Amino acid sequence: MKGQARSGQDSKRNTVAIVTPMLDESLELPRFANVLKNLTPAPDEIILVDGGSKDGSAEKARSLGLCVIEPGVTGRAAQINAGVDATQSDYVCIVHADSEPPFDCVRLIHTILSDEQVSLGAFKPLICGPDKVRWVSSFHNWIKTWYAPLFFRPLMFLKGGRLFFGDHVMFFRREDFLRVGGCDATLKVMEDAELSLKFARIGRARLVDRVTITSDRRIEKWGGLRANLIYFAVGFTWAIGFRHRFSWLYPDVRREGKDLES
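Residues numbered from 1 in each chain as written. Predicted model: local features only at pLDDT ≥ 70, side-chain atom pairs only at ≥ 80, totals over all residues. Heavy atoms only, no water.

Q: Quick question: what am I supposed to make of the overall build of the protein chain here?
A: Check the secondary structure of the protein chain and you find 10 helices and eight strands. The buried share among the 262 residues of the protein chain stands at 55%. Sequence-distant contacts in the protein chain: of pairs separated by 6 or more residues, those separated by 24 or more amount to 78%. If you sum the accessible surface of the protein chain, you get close to 11800 Å²; carbon and sulfur atoms cover 55% of it. (Helix = DSSP H or I, 4+ residues; strand = E, 2+ residues; numbered from the N terminus. Buried < 20%, exposed > 50% of the residue type's maximum accessible area, 1.4 Å probe, protein only. Contact = heavy atoms within 4.5 Å. Areas by Shrake-Rupley, 256 points an atom, 1.4 Å probe, with all protein chains shown as cover.)

Next up, the structure:
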């Protein structure tokens, strides 16, 4: 991957790209395309990175007018690396296809990353289904942003580092992503937390006081208690150093029909 000079120091307007790692999301794509269409201001680039979908996701996305690349890699980490490599924008925001960022996320990204001390930003996830909000799981997602690094990486926490996950809709400078080496493509799970650690070495994290909506399909399938126990087990196993021994706990989950309403 090729780097580029820090654009925050330039007089030109910084550009923003949405990068979405995608796998078997054909049912979700019409809603997601509508979400992207309603972002105001619009991002400069939108790139969906297909990870080998078997349900026609790439074709469906293109029929909706979305840009799709098929780099021949699998796993979110490798897909994110490919997406960042494909974009030329200064700022990159990672949005999963089952999520809905704030409608003005582009403006917020500009505002947060104008602070040179901030290397990584994210929004507060609210986990929702078609007819309910998962308040307990949403609260747990929010507090683990603090308690996980406080317990397992206290020095990082004191320096302003936080742990963000895919549901948080993370964003960063493209050049910083390249500088820290991108995502660890050998990881099948927790690539987002691992990336948070990398960014903590070069700057502070900022959790924006705005909500991003994300699907509850794992909780719907597993149940709230089981889902949160799995989240905790995966996070704990990763935190104590067993980075490649828990992906079996966290299989892909897809649900028939739409996860979120437009």
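Q: Would you take a moment to explain helix α5 (residues 135-152) for this structure?
A: Along an α-helix, residues three or four positions apart point the same way, because every turn accommodates 3.6 residues. Over its 18 residues, α5 runs 25 Å from end to end, which matches the ideal 26 Å to within 8%, given 1.5 Å per residue. Its axis deflected by about 45 degrees at Lys144, α5 carries its strongest bend there. If you check which residues of α5 are buried, you get Ser137, Ser138, His140, Asn141, Lys144, Thr145, Ala148 and Pro149. (Expected span 1.5 Å × (residues − 1). Bend = angle between axes of the 7 residues up to and from the residue.)

Q: Explanation requested: the pairing of strand β1 (residues 16-22) in the structure shown.
A: Consecutive side chains along a regular strand alternate between the two faces of the sheet. Counting buried positions along β1 yields seven of seven residues, so the element is predominantly enclosed. Side chains Val16, Ile18, Thr20 and Met22 project from β1 onto one buried face, and the interleaved Ala17, Val19 and Pro21 project onto a second face that is buried too. In the sheet, β1 pairs with strand β4 (residues 91-94) via four bridges, with the strands oriented parallel. Counted as the bridge partner of Ile18 is Cys93 from β4. As defined by bridge partners, β1 adjoins strand β2 (residues 45-50) across six bridges and the pair is classed as parallel. From the neighbouring strand, Met22 faces β2, where its bridge partner is Asp50. As a crossover connection, the stretch from β1 through helix α1 (residues 29-37) into β2 is right-handed. (Pairing = 2+ DSSP bridges. Right-handed = clockwise from strand over helix to strand, strands pointing away.)

Q: Help me out: how do you make sense of the packing of aromatic side chains in this one?
A: Each aromatic ring pair is summarised here by two numbers: the centre-to-centre distance and the angle between the ring planes. Applying the stated criterion across every chain yields a total of six aromatic pairs. Here the aromatic rings of Phe123 and Phe171 are separated by 5.3 Å at their centres, their planes lie at 40 degrees, and the arrangement is tilted. Taken together, the positions of Phe123 in strand β6 (residues 118-128) and Phe171 in strand β7 (residues 171-173) put the pair 48 residues apart, joining distant regions of the chain. Assigned by exposure class, Phe123 and Phe171 land together as buried. A centroid spacing of 5.4 Å and a plane angle of 75 degrees characterise the contact between Trp142 and Trp146, whose relative ring orientation is edge-to-face. (Phe/Tyr/Trp six-rings, centres within 6.5 Å; stacked < 30°, edge-to-face > 60°.)

Q: Please clarify how the side chain of Thr20 should be interpreted in this entry.
A: When you line up the elements, Thr20 lands in strand β1. A distance of 2.7 Å separates the side chain of Thr20 from the backbone oxygen of Val95, its partner in a polar contact. (Polar contact = N/O pair within 3.5 Å; in protein donor to acceptor, adjacent residues only side chain to side chain.)

Q: Would you mind going over empty space enclosed by the protein with me for this structure?
A: Rolled over the atoms, a probe with the dimensions of a water molecule shows which regions are left empty. Counting across every chain of the model gives two cavities of 30 Å³ or more. Lining the largest cavity, in full, are Ile80, Ile94, His96, Gly166, Met170, Glu191, Asp192 and Leu195. Top contributing element to the lining of the largest cavity by residue count: helix α8 (residues 191-200), with three residues. Partitioning the lining of the largest cavity into residue classes produces four nonpolar, two polar and two charged. (1 Å grid on protein atoms, 1.4 Å probe; cavity = no way out; pocket = protein on both sides within 12 Å on 5 of 7 lines; lining within 4 Å. Points joined across faces, edges and corners; volume = space filled by probe spheres on them. Nonpolar A, V, L, I, M, F, W, Y, C, P; charged D, E, K, R; others polar.)

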